[in-house]
Amino acid sequence: MFLINCPYCGERDQQEFKAGGEAHIERPKQPTELSDDEWAEYLFMRKNIKGIQFERWNHAHGCRKWFNMVRDTSNDEIKAIYKMGEKPPSQ
Amino acid sequence: MTKNLRVKSSEYIDETNRISFKFNGKTYHGFKGDTLASALLANNVHLVGRSFKYHRPRGIMTSGSEEPNAIVQLNPGTNRTEPNVRATEIEIYEGLEASSQNCWPSVEFDIGGINNFLSPFFPAGFYYKTFMWPPSFWKKYEFFIRHSAGLGKSPTSSDPDIYDHRNIHCDVLVIGAGISGILAAKNAAKNNFKTMLVDEKNELGGTTIFENNEFNKIDNKTPSEWLKKEIEELKHIKNLEIKTRTSVAAYHQYNYLLARENLTDHLETKDKTNKIRQRLLKIRAKKVILATGALERPLIFNNNDRPGIMLSSAVKKYSEFYGVACGNKNIFFTNNDSAYESALSLYNKGINVEAIIDVREQSESKIVKKVKEAGIKVYWSHTIVDTAGYKRLNSVSIMKLSNDGTSVTGSKISISCDCLGVAGGWTPAVHLYTQSGSKLKFDEEKQIFLPNQNTSEQISVGSCGGDFKIDEIIKNLNQKLKDTLNIDETDLDSIKVEIDQENSKRNIWLLPSDKPLGKTKPFVDYQNDATAKDIKLALREGFRSIEHVKRYTTTGMGTDQGKLGNMHALGIIADTAGVKMGELGTTTFRPPYTPLTFGTIVGRNVGKFFDIFRRTPMNDWHVENKAEFENVGQWKRAWYYPINGETMHQAVQRESKAARESAGILDASTLGKIDIQGSDASEFLNRVYTNAWSKLAVGKCRYGLMLNEDGMIYDDGVTTRLGENHYIMTTTTGGAANVLGKLEDYLQTEWPELDVYLTSVTDHYATASLCGPNSKKILKKIIPDLDLTDENFPHMSFKEANIGSIQCRIMRISFTGEHSYEINVQASYGKDLWKKCIDAGQEFNITPYGTETMHLLRAEKGFIIVGQDTDGTMTPIDLQMDWIVSKKKYDFIGKRSLYRSDTMREDRKQLVGLITEDPNVVLEEGAQIVSELNQSPVEMLGHVTSSYFSPNLNKSIALAVVRGGKHMMGKQLFVPMENKNINVTVANPVFYDEKNERLNA
Ligand SMILES: [Zn+2]
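The model shown is predicted, which means the values in this text are computed figures rather than measured ones.

**Some thoughts on the overall build of chain A**
Phase 1: For chain A, the count of helices and strands is one helix and six strands.
Phase 2: Reading chain A from its N terminus to its C terminus gives the helix and strand order β-β-β-α-β-β-β.
Phase 3: Principal-axis analysis of the C-alpha atoms places the extent of chain A at approximately 45 × 30 × 25 Å.
Phase 4: Once local pairs closer than 6 in sequence are excluded, the contacts in chain A between residues at least 24 apart make up 46%.
Phase 5: Total accessible area on chain A stands at roughly 5,400 Å², and carbon and sulfur atoms take up 45% of it.
Phase 6: Within chain A, one finds 14 positive and 15 negative side-chain charges whose respective centroids are separated by 5 Å.

Here it is in structure tokens:
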């Protein structure tokens, strides 16, 4: 059970949060311009990394804000947390 | 034989407090402080159970939570009965009853014992290999297997006890109150860390508390005397909370731990009532100090499982701590010095020790000399090759070991005995450590797994960290405490320790016998009856991964998770495969460390708190009017209102007719409601719905369909424009929370530039849906001054009005195809509104209807229900709802996916109506649809999604999704059922009032 440092509320138990998958996958601004393959890349393809992964989390049972997390999926170490729109930390 | 084996008074046993208890129906006596195991041993009862597979007689083997054999059913036949409880952990109380498990008709005569003689036919994987064929026979095999095997019996009535949860936040959690744990807790608390010390036993002190080896001294006292003084001091320390009878079950990441605190299990039944039985402690600790100690290893030799064969350390604990001799003629079998301490402990109390069999060539330690001086015969370089005694050990046969330890030589000596203490060395209890995600490393010299890579703020101290001698323990503990607590000095700096230095060990994982392995039974996992032979067989059959060998042989798969034998299993695999232990890797220990009862896990969340229901403001009225309820998400919704003993079918037919012929009323309060405001609200709706919103006039309503980005239908509902920048969206009952979450996600992450605010107002409003040709007249009676003409208040529009002093929002919208109104009021006025509608509707025979009738009425109109007629694979095109997909809008969620090659396929499953040839046959929802009957295998074209008998059309109707159904109008298809084939015709899904004339009737 993680202890997650919500950037708006502080440290809270994992059960207050919802995981939202890989981060920094921007919704294409002009979907109609994309080929099936390009759209499929956005829609379906996720890296599912073993190791350092950038992912989205939501403080669903708290402030309901979305934020980003850098997590090592091999040992669940949370390396960094930052707000939506902020630049991801460099590795 | 009922000779009392109580040998001396122990300070932990209150001999003035005599307790009677029953085991297998027979009454015995023990004392306050006894465990069920110690009390049985004092009564010379060793045989307590039968093994799982071979039904071999088994006795008490240990004195702790690692016990594999002495598993009993507590208080059988009562509502407090509990299966699979370790006799070594139960503190006895007056009136306690326990019985053996896994034996029939009794532990003394167990019919399943025949499996022991048939054991050549029960090798590893026997069940997998034998009972898999023919597949249809499994049901028959299962019946037989379940009746002849199985562990305890679960209770059949509800648990009378109360359970509780508590959240704990501490700076330092110390697990285990042996010498290391006590010193760690004391020093943490003294340095102002908020500290909690937990131990599974009822007394503090671990094994050191009865450590009286005269060659080990702390500050010139025996470790036992010295530790008692330390424990006394603990009582006066602030910042320290001590929890005994508390077992840590799970150690999760980020130092989150679950512990079970046992509060009443040791009390008499009359003292248990109205008290919390167990409490689950949910602990978040900044630092964790693991002081979980070590478990003694048995030795693996032929027939090493007979009642009377115990761990050497357990024999010692029963004698020193409980004052009980486990036998009259004791021998020990060892590969290290520990057994000599046990032997001496017995000798000093006048208990007969016949001999010690030692696989080592010699040992020079002081304690070994002392044992020799006492005249106890030691057989060096010897091993036990066999044991005898069916229900109780009566002798062992020993032979000399070859130099390499793989075979035996010379002649066989038989020694008569009734108790054998085995000492195979010590395994650090690293179970919790590995649960936390931290990694172990194998120490080839000590032949143990040791903590290596910590993933959280934790340290392992004492023997669980690989330190077994008191001098090492104190020295390393001191340094670790200073490092982890960041302190300069501790109480440990000044402690002086003397110890008996020599402690050699000769590790042989599988001891040889004079018989070939195939003719022996060296048990590795006692609880699951897995032998060394089974492990070797698994390797011969090609299993290599330790995890596979474990599953194939069931080693370590019992309720004890193989705490005793796992290391030996690894060792035997390594030896056989010719690899090093470290290369093999260890298996993963999973929570819980010891089993938890369900009551503790659910705590207070039982009965009506198990799954919380949501009820509408009109709920009381529904109850008073005998509604049957249906669960929709967490809501309890009125399902139908039977009168005069109607069946569900009869009630629904009546309600459905009434709603179309005169007037009906539905409690629609559960629909999700989201208040949407902001200058970009219209643009936002344009992006989340498939249709266009910018041109919707204030005061108008529109039906909207929401997709996922993959083009599949996600939710639907009517949204009303309340003002220029203000909308109220309704969602499906079950989808409300997810829709809000999805909208928030897009707003926060994809479109943060939009000025939109979302508020969930589902619970703020109560909604009565008034429908039918007389609904207008009823509403007129309630709100006489509201102009209800089609000109002023047309279909798909909205009005604010007052019913008396109650403000309400009224939408003229319809889910039934009838002229209808949805009246929303503040939730607290919901019941009042409902009653007013019912009263005003009396003269029109207004009929309350539930969700079932609502479903029927909308099915007559071919309106879908998201989640019933769709399943996350249906696009609006599949539903033939092209009309709601805007062609003009540049983008909306899911738009691009609607013209992917896959979503444009003509042969996708599409929504159609089905009419049965016989109008009285109602199809089953979920039934499969085919186009050919005389073909095998036959392609399933789709399935029935909604099906009813329509009272208004007087025939059966159904909605279905059918591959390419759009182009099958009028085609005959078949619905094959178990006993018959039903002929159906594909039809338009709108069965009733196709031209929507009734909306304005
Ligand atoms: Zn938050």
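So, next bit.
**Overview of the interface of chain B and chain A**
Phase 1: Listed per partner, the contact involves 27 residues of chain B and 29 residues of chain A.
Phase 2: Of the roughly 2,500 Å² buried where chain B meets chain A, counting both sides, 43% is carbon and sulfur surface.
Phase 3: Summed over the three residues of chain B that lose the most area to chain A, namely Tyr254(B), Tyr890(B) and Arg896(B), the buried surface amounts to 27% of that side.
Phase 4: In this assembly, chain B and chain A are joined by six salt bridges.

**What about the sheet that holds strand S5 (residues 66–72) of chain A?**
Phase 1: A sheet is described by the order of its strands in space; here four strands give the open sequence S3-S4-S5-S6 (chain A), paired in antiparallel fashion. Strands with a single pairing partner mark the edges of an open sheet, and in this sheet they are strand S3 (18–22) and strand S6 (77–83) of chain A. Neighbour to neighbour, the strand axes of the sheet diverge by 30° on average, direction disregarded.
Phase 2: The pairing of strand S4 (residues 52–58) of chain A with S5(A) spans seven bridges and is antiparallel. Opposite Arg56(A), over in S5(A), you have Asn68(A) as the bridge partner.
Phase 3: Relative to S5(A), helix H21 (residues 736–750) of chain B is tilted by about 80°, and along the sheet it contacts S4 and S5 of chain A.

**Side note on the packing of aromatic side chains**
All names here are of chain B.
Phase 1: Scanning the model with the defined rule gives 23 aromatic pairs over all chains in all.
Phase 2: Their ring planes at 65° and their centres at 6.1 Å tell us that Trp621 and Tyr641 sit as a pair that is edge-to-face. Separated by 20 residues along the polypeptide, Trp621 in helix H18 (residues 619–624) and Tyr641 in the loop between strand S32 (635–640) and helix H19 (648–661) bring together distant segments of the chain. With respect to class, Trp621 is no different from Tyr641; both count as buried.
Phase 3: For the ring pair Tyr746 and Trp751, a centre distance of 5.0 Å and an interplane angle of 35° mean the geometry is tilted. The pair Tyr746 / Trp751 is uniform in exposure class, with both members buried.
Phase 4: Three or more aromatic residues joined by ring pairs form one cluster here, namely Tyr12, Phe210, Tyr318, Phe321 and Tyr322.
Phase 5: Over the ring of Trp751 we find Arg687; its NZ or CZ atom is 5.1 Å from the centre of that ring.

**Thoughts on the state of the cysteines**
All names here are of chain B.
Phase 1: One pass over the full model with this rule turns up zero disulfides over all chains.
Phase 2: Sulfur of Cys419: no disulfide; nearest cysteine sulfur belongs to Cys326 and is 5.1 Å away.
Phase 3: In this model Cys701 remains outside any disulfide bridge; the closest cysteine sulfur is found in Cys808, 14 Å from its own.
Phase 4: Residue classification places Cys701 among the buried residues on the basis of a relative accessible area of 5%.

**Some words on helix H8 (residues 312–320) of chain B**
Residue and element names in this part refer to chain B.
Phase 1: Within H8, eight of the nine residues are buried, leaving the element largely enclosed by the surrounding structure.
Phase 2: For H8, the complete set of buried residues consists of Ser312, Ala314, Val315, Lys316, Lys317, Tyr318, Ser319 and Glu320.
Phase 3: For H8, the secondary structure elements touched by its buried residues are helix H1 (36–42), strand S15 (294–296), strand S16 (309–311), strand S17 (330–334), helix H9 (338–348) and strand S23 (419–423).

**Digging into the nonpolar core**
All names here are of chain B.
Phase 1: The biggest cluster of nonpolar side chains holds 115 residues, and the ones touching the most others in it are Leu36, Tyr318, Phe333, Val396 and Leu420.
Phase 2: Among the elements that line this core, the one with the most residues is helix H5 (residues 179–190), at seven residues.
Phase 3: Setting aside anything within four residues of it in sequence, one finds Leu36 in contact with Phe21, Val72, Ala87, Ile90, Ile92, Leu96 and Ala98.
Phase 4: Counting residues in each nonpolar core, the second largest holds 43 residues, with Ile283, Leu290, Tyr552 and Leu570 among its members.

**Considering the packing of H8(B) against H9(B)**
Residue and element names in this part refer to chain B.
Phase 1: Where H8 meets H9, the axes come as close as 9 Å, and the angle between the chain directions of the two elements is 25°. Judged on the interaxial angle alone, H9 and H8 are roughly parallel. Note that H8 runs across H9; the crossing there is left-handed. Seen from H8, the contacting residues are Ser312, Ser313, Val315, Lys316, Ser319 and Glu320; seen from H9, they are Ser338, Ala339, Glu341, Ser342, Ser345 and Leu346.

**Structural notes on the coordination of the zinc ion**
Residue and element names in this part refer to chain A.
Phase 1: Looking at the metal site, the zinc ion is ligated by Cys6 (SG), Cys9 (SG), His59 (ND1) and Cys63 (SG), spaced 2.0 to 2.3 Å from it.
Phase 2: One way to put it: the four donor atoms around the zinc ion meet at angles of 105 to 114°, and that makes the site tetrahedral.
Phase 3: Written as a sequence motif, the donor residues of the zinc ion are C-x2-C-x49-H-x3-C. Residue Cys9 is found in the loop between strand S1 (3–6) and strand S2 (10–13), and its partner Cys63 is found in the loop between S4 and S5; the two are separated by 54 residues along the sequence.
Phase 4: The exposure class of Cys9 is partly exposed, given its relative accessible area of 28%.
Phase 5: A relative accessible area of 30% means that Cys63 is categorised as partly exposed.

**A closer look at the domain arrangement of chain B**
All names here are of chain B.
Phase 1: Split into domains, chain B comes out as domain 1 (1–155), domain 2 (162–294 + 428–498), domain 3 (306–424), domain 4 (514–596) and domain 5 (905–1000).
Phase 2: A buried area of about 1,800 Å², summed over both sides, lies between domain 1 and domain 4, and 56% of it is on carbon and sulfur atoms.
Phase 3: The interface formed by domain 1 and domain 4 contains one salt bridge.
Phase 4: When the shortest N-O distance is used, the salt bridge between Asp529 and Arg58 registers 2.8 Å.
Phase 5: The tally of links from domain 1 across to domain 4 stands at six residue pairs in polar contact (both at pLDDT 80 or more).
Phase 6: Looking at the side of domain 1 that touches domain 4, its residues break down into nine nonpolar, eight polar and seven charged.

**A short note on the packing of H19(B) against helix H24 (residues 851–860) of chain B**
Helix-helix packing: each pair is described by the crossing angle between the helix axes and the interaxial distance.
Residue and element names in this part refer to chain B.
Phase 1: For the pair H19 and H24, the least separation of the axes is 9 Å and the interaxial angle reads 55°. By the angle between their directions, the pair H19 and H24 is classed as oblique. For the pair H19 and H24, the sense of crossing is right-handed. Every residue of H24 that contacts H19 at Met648, Val652, Gln653, Glu655, Ser656, Ala659 and Arg660 is listed here: Glu852, Thr853, Leu856, Leu857 and Glu860.

**Considerations on the confidence of the model for chain B**
Phase 1: In this model, chain B carries an average pLDDT of 93, and 94% of its residues clear a pLDDT of 70 or more.
Phase 2: Here the predicted complex carries an ipTM of 0.98, next to a pTM of 0.89.

**Quick look at the pairing of strand S47 (residues 955–963) of chain B**
Residues and elements named next belong to chain B.
Phase 1: Among the nine residues in S47, seven count as buried, and that is most of the element.
Phase 2: In the sheet, strand S44 (residues 909–916) pairs with S47 via six bridges, with the strands oriented antiparallel. Looking across to S47, one finds that Leu914 is bridged to Ala958.
Phase 3: Pairing analysis gives eight bridges linking strand S46 (residues 942–950) to S47, with the strands arranged antiparallel.

**With respect to the sheet that holds strand S22 (residues 408–416) of chain B**
Residue and element names in this part refer to chain B.
Phase 1: With antiparallel pairing, three strands are arranged side by side in an open sheet as S20-S21-S22. This sheet does not close on itself; its edge strands, each paired only once, are strand S20 (382–388) and S22. Looking at each pair of strands side by side, their axes are set apart by 25° on average, direction ignored.
Phase 2: Sheet topology note: the strand S21 (residues 395–401)/S22 ladder contains six bridges and is antiparallel.

Cut-offs applied
- Residues numbered from 1 in each chain as written.
- Chains lettered and ligands numbered in written order.
- Predicted model: local features only at pLDDT ≥ 70, side-chain atom pairs only at ≥ 80, totals over all residues.
- Heavy atoms only, no water.
- Helix = DSSP H or I, 4+ residues; strand = E, 2+ residues; numbered from the N terminus.
- Contact = heavy atoms within 4.5 Å.
- Areas by Shrake-Rupley, 256 points an atom, 1.4 Å probe, with all protein chains shown as cover.
- Lys, Arg positive; Asp, Glu negative; His and termini not counted.
- Charge placed at Lys NZ, Arg CZ, Asp CG, Glu CD.
- Buried area = accessible area lost by both parts, 1.4 Å probe.
- Salt bridge = Lys/Arg side-chain N within 4 Å of Asp/Glu carboxyl O.
- Pairing = 2+ DSSP bridges.
- Axes fitted to C-alpha atoms, helices over the stretch in contact; angles between N-to-C directions.
- Phe/Tyr/Trp six-rings, centres within 6.5 Å; stacked < 30°, edge-to-face > 60°.
- Buried < 20%, exposed > 50% of the residue type's maximum accessible area, 1.4 Å probe, protein only.
- Lys NZ or Arg CZ within 6 Å of the ring centre and 35° of its normal.
- Disulfide = S-S within 2.5 Å.
- Core = buried A, V, L, I, M, F, W, Y, C linked by side-chain atoms within 4.5 Å.
- Parallel < 35°, antiparallel > 145°, perpendicular 65-115°, else oblique.
- Left-handed = near helix turned anticlockwise from the far one by under 90°.
- Donors = N, O, S within 2.8 Å, 3.2 Å for Na, K, Ca; no water.
- Tetrahedral: all angles 85-135°; square planar, octahedral: opposite > 155°, others 65-115°.
- Domains from an automatic or database assignment.
- Polar contact = N/O pair within 3.5 Å; in protein donor to acceptor, adjacent residues only side chain to side chain.
- Nonpolar A, V, L, I, M, F, W, Y, C, P; charged D, E, K, R; others polar.
- pLDDT = per-residue confidence, 0-100.

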